[in-house]
Amino acid sequence: PPFLDSSLSEDVILSNGVNFASGGGGILNETGGLFIQRISLSRQIELFQGTQQLIADKIGKEEADKFFQDGRYVVALGSNDFINNYLMPVYSDSWKYNDQTFIDYLMETLGAQLKVLHSLGARQLMVFGLGPMGCIPLQRVLSSSGGCQDRTNKLALSFNKATDQLVTGLSAQLANASFKFGDAYDVVNDLITSPKKHGFSNADSPCCSMGRIRPAITCTPMSTLCKDRSKYVFWDEYHPSDRANQMIADELIKKFGFLISPSPAPDSAPSPDSS
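Rules behind the numbers
- Residues numbered from 1 in each chain as written.
- Predicted model: local features only at pLDDT ≥ 70, side-chain atom pairs only at ≥ 80, totals over all residues.
- Heavy atoms only, no water.
- Helix = DSSP H or I, 4+ residues; strand = E, 2+ residues; numbered from the N terminus.
- Rg over C-alpha atoms; globule rule 2.2 N^0.38 Å.
- Buried < 20%, exposed > 50% of the residue type's maximum accessible area, 1.4 Å probe, protein only.
- Contact = heavy atoms within 4.5 Å.
- Lys, Arg positive; Asp, Glu negative; His and termini not counted.
- Charge placed at Lys NZ, Arg CZ, Asp CG, Glu CD.
- Salt bridge = Lys/Arg side-chain N within 4 Å of Asp/Glu carboxyl O.
- 1 Å grid on protein atoms, 1.4 Å probe; cavity = no way out; pocket = protein on both sides within 12 Å on 5 of 7 lines; lining within 4 Å.
- Points joined across faces, edges and corners; volume = space filled by probe spheres on them.
- Nonpolar A, V, L, I, M, F, W, Y, C, P; charged D, E, K, R; others polar.
- Axes fitted to C-alpha atoms, helices over the stretch in contact; angles between N-to-C directions.
- Parallel < 35°, antiparallel > 145°, perpendicular 65-115°, else oblique.
- Left-handed = near helix turned anticlockwise from the far one by under 90°.
- Pairing = 2+ DSSP bridges.
- Disulfide = S-S within 2.5 Å.

Peer 1: What exactly am I supposed to notice about the overall build of the protein here?
Peer 2: Of the regular secondary structure elements, the protein holds ten helices and seven strands. A globule of 275 residues ought to have a C-alpha radius of gyration of about 19 Å, and the protein, at 19 Å, matches this closely. C-alpha atoms of the protein, sized along the principal axes, occupy 60 × 50 × 35 Å. Buried residues in the protein amount to 42% of all 275 residues. A sequence separation of at least 24 residues applies to 62% of the contacts in the protein between residues at least 6 apart. Each charge class in the protein was averaged separately, 24 positive and 29 negative side chains, and the resulting centres sit 6 Å apart.

Peer 1: I keep staring at the pattern of salt bridges and nothing clicks. Help me out?
Peer 2: Where charged atoms of side chains with opposite charge meet at close range, the side chains can pair. Inspection of every chain in the model, using the stated rule, returns eight salt bridges. The partner of R43 in a salt bridge is E46, and the shortest N-O contact between them spans 3.0 Å. Highlighted residues: R43 and E46, both in helix α2 (residues 41-59), separated by three residues, approximately one helical turn. On the basis of relative accessibility, which here comes to 43%, the residue E46 falls in the partly exposed class. Between K61 and D65 there is a salt bridge whose closest N-O contact spans 2.8 Å. In this pair, K61 and D65 are both assigned in helix α3 (residues 61-70), four residues apart and thus about one turn of the helix distant. Its relative accessible area of 33% is what places D65 among the partly exposed residues.

Peer 1: Is there a simple way to think about the layout of surface pockets in this case?
Peer 2: With a probe scaled to a water molecule rolled over the atoms, the places where space remains empty come into view. In this structure, the second largest pocket occupies an estimated 370 Å³ of space. Lining the second largest pocket are twelve residues, and of these R72, Q124, M126, K180 and F258 sit closest to its centre. Only β1 (72-75), β2 (124-128) and β3 (178-182) provide two or more residues apiece to the lining of the second largest pocket. In the lining of the second largest pocket, the residues fall into seven nonpolar, three polar and two charged.

Peer 1: It is not clear to me how the packing of α2 against α3 should be interpreted in this structure. Could you clarify?
Peer 2: When two helices pack together, you describe them by how their axes are tilted relative to each other and by the distance separating the axes. It is at 7 Å that the axes of α2 and α3 come closest, and there the two elements cross at 135°. Relative to α3, the element α2 lies oblique. The handedness of the crossing between α2 and α3 comes out as right-handed. Contacts from F48, T51, Q52, I55, A56 and I59 of α2 reach α3 at K61, E63, A64, F67 and F68. Residue classes in the contact of α2 with α3 are distributed as seven nonpolar, two polar and two charged.

Peer 1: When you look at the sheet that holds β2 in this model, what are you seeing that I'm missing?
Peer 2: Whenever strands of a sheet pair, they do so through backbone hydrogen bonds, lying parallel or antiparallel. Spatially, three strands are ordered β1-β2-β3 in an open sheet, and the strand pairing comes out parallel. Edge positions in the sheet fall to β1 and β3, since each has one partner strand and no second. When the angles between neighbouring strand axes are averaged without regard to direction, this sheet yields 20°. Its contacts with the sheet place helix α8 (residues 150-173) against β2 and β3, and it is angled at close to 170° to β3.

Peer 1: Whenever I open this one, the state of the cysteines confuses me. Can you help?
Peer 2: By definition, a disulfide links the sulfur atoms of two cysteine residues through a covalent bond. If you walk through the whole model with that rule in mind, you get three disulfides. Two residues share a disulfide in this structure: C207 and C226, whose sulfurs sit 2.1 Å from each other. Taking the torsion about the sulfur-sulfur bond, which here is approximately -85°, the covalent link between C207 and C226 counts as left-handed. Of this pair, C207 sits in the loop between β4 (202-206) and β5 (208-209) while C226 sits in the loop between β6 (224-225) and β7 (232-234), and the two are 19 residues apart along the sequence. Accessibility classification places C207 together with C226 in one group, the buried group. Disulfide pairing places C208 opposite C219 at an S-S distance of 1.9 Å. In this structure the cystine formed by C208 and C219 twists about its S-S bond by roughly 80°; its chirality is therefore right-handed.

Below, the structure is given as structure tokens:
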């Protein structure tokens, strides 16, 4: 459940966990500044600290410490640091850094943040990499050919390589840490490059748009919807559709061997013993 859900309580967190993710948020505090209401990773960690205190008040510090050390953590962000920061000239990072020094800056910041999470009890943690962000509709419409932006995809691959090295190093360095890197690039790329194989008819434009006025950035009440969103890989200029997200999640569950609940699931879900 989302942290900002008004119905969130200590009991809900203890049974279901909590999600601090924020639209427009990034590893860097300055990322997505034009959106105003976004929560950066550093701020998310501060909210997590507050949540820990709430749980400790509820069940006692000793039990709370065990709860958080036994928990599983996912960090999945980074694309906004490129799309809504480095690759936009309105942000100062776009001219302060080059491709390599910007990734170095991201790794320095992310490394410090992951160390804070470890100090707060996070032991089992997976950091997901980026997909081919040069192929999102927003990037395609900015190219003269309508194709994927090669430089942006190379930035994603460079980010993934650096993050893999960072996470592997931290896992060896920090006490009792089981930090892993989750590479989702190929899974997402397969949907985009072979959409028909997965039952999609469109992998290069959004289901929700302003028609010929593109990019409209986000979906609004004035936008035009496609007839069947389940046939589109992308919902808007940035994000995959629900069906695409479900397929990506199912494939990642199989790829990383996550244990899933034996409760009834859609036919497309992997079996519990998938690896």
